[in-house]
Amino acid sequence: MKNGFPEDFLWGGAIAANQTEGAFLEEGKGLTTVDLLPTGEKRFPIMLGNLPSFYPIEGEYYPSHEAIDFYYRYKDDIALFAEMGFKALRLSISWARIFPNGDDVEPNEAGLRFYDNLFDELRSKGIEPVVTLAHFDVPVHLVETYGSWKNRKLVHFFEKYAKTVFERYKNKVNYWLTFNEINMLLHLPFVGAGLVFEEGENELQVKYQAAHHQLVASALAVKAGHEINPDAKIGCMLAAGMTYAYSSNPNDVWDAMNKDRESFFFIDVQSRGEYPGYAKRFFQENAIELTMNEEDEEILKNHTVDYIGFSYYSSRVTSTDPEIQENTTSGNVFGSITNPYLEKSEWGWTIDSKGLRITANQLYDRYQKPLFIVENGLGAIDEVNSNGEVNDDYRIEYLRAHIHEMQEAINDGVELIGYTSWGPIDIVSASTGEMKKRYGYIYVERDNEGNGTLKRMKKKSFEWYKKVIDSNGENI
Ligand code: BGP
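Residues numbered from 1 in each chain as written. Predicted model: local features only at pLDDT ≥ 70, side-chain atom pairs only at ≥ 80, totals over all residues.

1. Considering the overall build of the protein chain
Threshold: Helix and strand definitions follow DSSP, with helices as H or I runs of at least four residues and strands as E runs of at least two, each counted in order from the N terminus. For the exposure call, what matters is how many other C-beta atoms sit within 10 Å of a residue's own: 20 or more marks it buried, 12 or fewer exposed, and in between partly exposed, using C-beta atoms placed from the backbone. Any two residues are considered in contact once their C-beta atoms, placed from the backbone, lie within 7 Å.
Looking only at helices and strands, the protein chain features 17 helices and 14 strands. In terms of overall dimensions, the protein chain has a C-alpha envelope of 60 × 55 × 50 Å along the principal axes. Within the protein chain, buried positions represent 50% of all 476 residues. Put simply, of all contacts in the protein chain between residues at least 6 apart along the chain, 76% involve residues at least 24 apart.

2. Some thoughts on helix α5 (residues 109-124)
For clarity, the cut-off: A helix is expected to span 1.5 Å for every residue after the first. This arc is built from the directions going out from the helix axis to the C-beta atoms.
The first and last C-alpha atoms of α5 sit 22 Å apart over 16 residues, in line with the 22 Å expected at 1.5 Å per residue. Listed as buried for α5 are G111, F114, Y115, L118, F119 and L122. With its buried residues spanning 125° around the axis, α5 presents them on a single face. Projecting away from the buried face of α5 at angles above 90 degrees are the exposed residues E109, N117, D120 and S124. At the exit of α5 stands G126, carrying a positive phi of roughly 75°.

3. Describing the packing of helix α10 (residues 203-228) against helix α11 (residues 250-272)
Where we set the bar: Where helices are involved, their axes are fitted lines through C-alpha atoms of the stretch in contact, as for all axes, and angles between N-to-C directions lie from 0 to 180°. We call two directions roughly parallel when the angle between them is under 35 degrees, roughly antiparallel when it is over 145, roughly perpendicular when it lies between 65 and 115, and oblique otherwise. For any pair of crossing helices, the crossing counts as left-handed if the nearer helix is rotated counterclockwise from the farther one by less than a right angle, and right-handed if it is rotated clockwise. Gly is put with the polar residues, along with every residue not named as nonpolar or charged; the nonpolar set is Ala, Val, Leu, Ile, Met, Phe, Trp, Tyr, Cys and Pro, and the charged set is Asp, Glu, Lys and Arg.
In the contact formed by α10 and α11, the axes pass within 10 Å of each other and the chain directions differ by 30°. Comparing the axis directions of α10 and α11 gives the class roughly parallel. Along this stretch, α10 crosses α11, giving a crossing that reads as right-handed. For the pair α10 and α11, the contacting residues are A211, L215 and S218 in the first and F266, V269 and Q270 in the second. The residue makeup of the contact of α10 with α11, split by class, is 4 nonpolar, 2 polar and no charged.

4. With respect to the sheet that holds strand β11 (residues 371-375)
As a reminder of what qualifies: Two strands form a pair only when DSSP identifies at least two bridges running between them.
Taken in spatial order, the 8 strands of this closed barrel run β1-β2-β3-β4-β5-β7-β11-β12, and their pairing is parallel. With direction set aside, neighbouring strand axes in the sheet form an average angle of 30°. When strand β7 (residues 307-312) meets β11, the two strands line up parallel, connected through 4 bridges. What sits directly across from G309, in β11, is F372. Each of β5 (233-240) and β7 is contacted by α11, which is oriented at about 170° to β5, the strand it contacts most. Here helix α16 (residues 393-411) sits on the sheet in contact with β11 and β12 (416-422), set at roughly 165° to β12.

5. Focus on the nonpolar core
We count it as follows: Each nonpolar core consists of buried Ala, Val, Leu, Ile, Met, Phe, Trp, Tyr and Cys residues. Their C-beta atoms, within 7 Å, join them into a set.
Among the nonpolar cores identified, the biggest contains 134 residues, and L238, I308, F310, L371 and I373 are the most heavily contacted of them. Of the residues forming this core, the biggest block, 12 residues, is contributed by α10. Leave out the neighbours within four places in its chain, and F310 touches M237, L238, A240, L363, L371, I373 and V374. With 7 residues, the next largest nonpolar core counts A245, Y246, V317 and I337 among its residues.

6. Remarks on the UniProt feature "active site" (unreviewed entry) in the protein chain
Rules: UniProt positions are given in the numbering used here, feature names are shortened, and annotations may be inferred rather than shown by experiment.
UniProt annotation of "active site" (unreviewed entry) refers to E375 when read in the numbering used here. Excluding residues that lie within four positions of it along the chain, E375 makes contacts with A14, S311 and W422.

7. Re the environment of L154
Tracing the sequence through the fold places L154 in helix α7 (residues 153-168). For L154, a count of 25 C-beta atoms within 10 Å corresponds to the buried category. L154 sits 52 residues away from G102 along the chain, and the two C-alpha atoms are 8.6 Å apart. Discounting chain neighbours no more than four positions away, the residues touching L154 are L142, Y146, S148, W149, H213 and A217.

8. Here we look at the pairing of strand β2 (residues 88-92)
When a strand is regular, its side chains alternate between the sheet's two faces. Summarising burial for β2: 5 of the 5 residues are buried, a large majority. Burial along β2 is two-sided: the residues A88, R90 and S92 and L89 and L91 are all buried. Bridge analysis of strand β1 (residues 10-14) against β2 gives 3 bridges, and the strand direction is parallel. In the strand pairing of β2, A14 is matched with R90.

9. Let's talk about the environment of P189
Within the fold, P189 resides in helix α9 (residues 189-193). A sequence separation of 111 residues divides P189 from L300, and the C-alpha atoms of the two residues are 22 Å apart. Those residues in contact with P189 that lie beyond four places of it in its chain are L48, G49, L195 and K207.

See the structure below:
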């Protein structure tokens, strides 16, 4: 069976403010957590919540500070997206452009104006903005003064920020996402929630308390968004990817189920509106005690999301056998046993297009709400040849296989509303801070140390993706 993609399917690409904009302290923007992440080996420990000093570390290079200069070049870049026929661009607002300290009384007008212009530019080209409120950036002032999402006060600051942008852009933005990859908080707590751990602190307790605050903040944002614009579609965003059991041993199967639940936990709350039973048991067994306000249950229950956004890069494999566990070699933050049936990217991320179909079916079975694939793609090293071309057939192959499985998922009955592949233009990598890990259809001349002209150049995949969109997924 081969049905077409829906007529109004949202084809496009996805970027995030901190990996793209640069201009990190310009026109009133405050410092955010991601601005404290250098490249190189110091990066990862900070991402885990071990921040040596607030800023700066002498002699380090901070890639978010200039990124790819999208702040000043967005018109040209959007023109290229329009040339590919984009129907949607997923991007994020930098919280600290709007409230530089996070707790300011008044928003920063220059920051608001920047996104006004950006959304106008997109609209003038017929491109729908899909806007993430928090994509891995928290104003540093909130971390220093309140301990970031450890503190309930953040719920209030975030709600105010959300209301401000919903109100300002109510005629320009229909699709919103609250927290990018909300489950990343458990794996990279500084990245996901600005968490810095004190000596001797119970990290699990802190993470789940911070998660509770984000979940309430997300529900309050949904509430405010719907009040301000009843037509707004407000989604959650999960770092997804099915976990396979290594063997048919029921212990492995149970382990795989629980690994998935670690992530589903967030979406169960955001979409079903309550803490699932398995989470309550987990809290009990791990002596986690959440402090909740009386009204929280009602807030979570009444303000669930309209759709489920998710990123998909890889599937995972788990085993309870210690000998097999030794085999753990996946480069992804989730950690995985090597899957003997699949290949990996240059960064060790398993490539599994069928896993996208499985994941989409799994999510749709669970939530019965529209799905939106808001990230997917292959991070690879691209070479510019002597003719100045980038022949990225490997990228085309990856995307083609995933789009095919997406189509299969639609034919399985999954309601899929869009696909925004990650980094349609080369941007800074979130996990490594490198430029050489590229996802784009458009090459950006810049290296890991921040050298290069920043010139943009179409890769071979540019024309390919244009045809995909033009044929509404027929011609892949
Ligand atoms: C997701 C993030 C993105 C992004 C992507 C690719 O986790 O939401 O911000 O960058 O992964 O990861 P990386 O850039 O590390 O290759």
